[in-house]
Structures are given as C-alpha cells and as structure tokens.
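# Observations on the model geometry
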Amino acid sequence: MRRHPWLGERPHLVEADRREDLIRALGAADGVRVRTVRARTSVPELVTGIGRALEFPEPLPRGWWAFNDYYREIDRLSLGPFAVVVDDADLLARSAGVAAFVGAVHRLLSIADGGEPWEDVDVRVGYFFVGRWAELVSQGARGVGPVDRADPAG
C-alpha cells in the first residue's frame, strides 16, 4: 500500500473520485480476484451482496452467523484471494446509520482476519469502501441515519 498513500490504513475508506485508481491498483495485484458490491440501504443487503461476490452458494446469507459459516467454505474450496470493493458505502452509512455501518465494517475485518469465531481460517479478503466520505464528514451527523440503531444483521 506504500505505492498508494491515498489508500490509507484499514479500514480502507476510498473517496469516490479515486475509485478507478483503486480498481486499477487492485487489478494489477497478482492473483487477486476483484469483486464489486453495491449496498445502499441495509447491512443485510451488504452481507448478501458480499456473499454473492465471494461466490457463496444459495441461499445467500443475510446475517453474520450464516456469513461466518459460508466464509469457512472459501478456505475449504481454496478460493481467493479477493478484493471486495463496496461502492456507494457512504449511502449505506447514511441509511443504516453510522453505528450499524461501523459495526458491519468491524465484523467484516474481524472475519477476514480469522478472528471470529474460527481462528483456523486463513483466507485473505480485503475490503475497500468507496464513497463520498469528505462530504459525509463535512455534513456532520445531519442527513445521516440514526447512530443508536441496533445492527439488523445480528
């Protein structure tokens, strides 16, 4: 990531105007399968979209426990590594609420790192959240969904 200082540290919140740079950089990485997801309204929509992108079998997961179960299959089937680009992620933060969005990002990174609930999974999935982050920050909490809403994906 040193070659792309604009990418910053994890979680990778990428400004929308850098999306094409991101796609090019990820596409140049040897063996990485780049997948894009759009989830604009809810965390379950995000979980299902990522499940589709990671080639999970039907029925696609809508909650975290099912996502964890399917994630183990990526390892067993030797799929990946994947780079998942979540487009319009700022819209998800606005509609689902900042707390739900941050919780979803935390869970995705924890699962990708093998930290929950199975530590024997050794698959690298990188997540990149593309949105209009500077605009969201400049607006403050105005226009952003409730921050105290419980995570609907459980």
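The structure presented is a predicted model; accordingly, all values stated were derived computationally and were not measured.

Cut-off values and rules
- Residues numbered from 1 in each chain as written.
- Predicted model: local features only at pLDDT ≥ 70, side-chain atom pairs only at ≥ 80, totals over all residues.
- Heavy atoms only, no water.
- Helix = DSSP H or I, 4+ residues; strand = E, 2+ residues; numbered from the N terminus.
- Buried < 20%, exposed > 50% of the residue type's maximum accessible area, 1.4 Å probe, protein only.
- Areas by Shrake-Rupley, 256 points an atom, 1.4 Å probe, with all protein chains shown as cover.
- pLDDT = per-residue confidence, 0-100.
- Contact = heavy atoms within 4.5 Å.
- Axes fitted to C-alpha atoms, helices over the stretch in contact; angles between N-to-C directions.
- Parallel < 35°, antiparallel > 145°, perpendicular 65-115°, else oblique.
- Left-handed = near helix turned anticlockwise from the far one by under 90°.

With that out of the way, let us pick up the overall build of the protein chain. Broken down by element type, the protein chain carries 6 helices and 4 strands. When the helices and strands of the protein chain are listed from N to C terminus, the series reads β-α-β-α-α-β-α-α-β-α. Burial status across the protein chain gives 42% buried among its 154 residues. Accessible surface, the protein chain as shown: approximately 8,200 Å² in total, 52% of it carbon and sulfur.

Predicted coordinates in areas of low pLDDT are best not read in detail. Of the residues in the protein chain, 77% have a pLDDT of 70 or more, and the chain-wide mean is 80. Contacts from residues 145–154, a stretch scored under 50 in pLDDT, to residues over four places away or in other chains number 22 contacts.

The omega torsion of the bond from Glu 58 to Pro 59 falls at -5°, within 30 degrees of zero and hence cis. Along the chain, Pro 59 turns up in the loop between α2 (43–53) and α3 (64–76). One non-glycine residue with positive phi stands out, namely Glu 55, at about 65°. With respect to the helices and strands, Glu 55 occurs in the loop between α2 and α3. Judged by its relative accessible area of 35%, Glu 55 is partly exposed. The backbone of Asp 88 shows a phi angle near 60°, a positive value even though the residue is not glycine. For Asp 88, the location among the structural elements is in the loop between β3 (82–87) and α4 (89–96).

Between α2 and helix α5 (residues 98–112), the least distance of the axes is 10 Å, while the angle of their chain directions is 30°. When the axis of α2 is compared with that of α5, the two are roughly parallel. Judged by the twist between their axes, the crossing of α2 over α5 is right-handed. Residues Val 43, Leu 46 and Ile 50 of α2 lie in contact with α5, whose contacting residues are Ala 100, Ala 104 and Leu 108.

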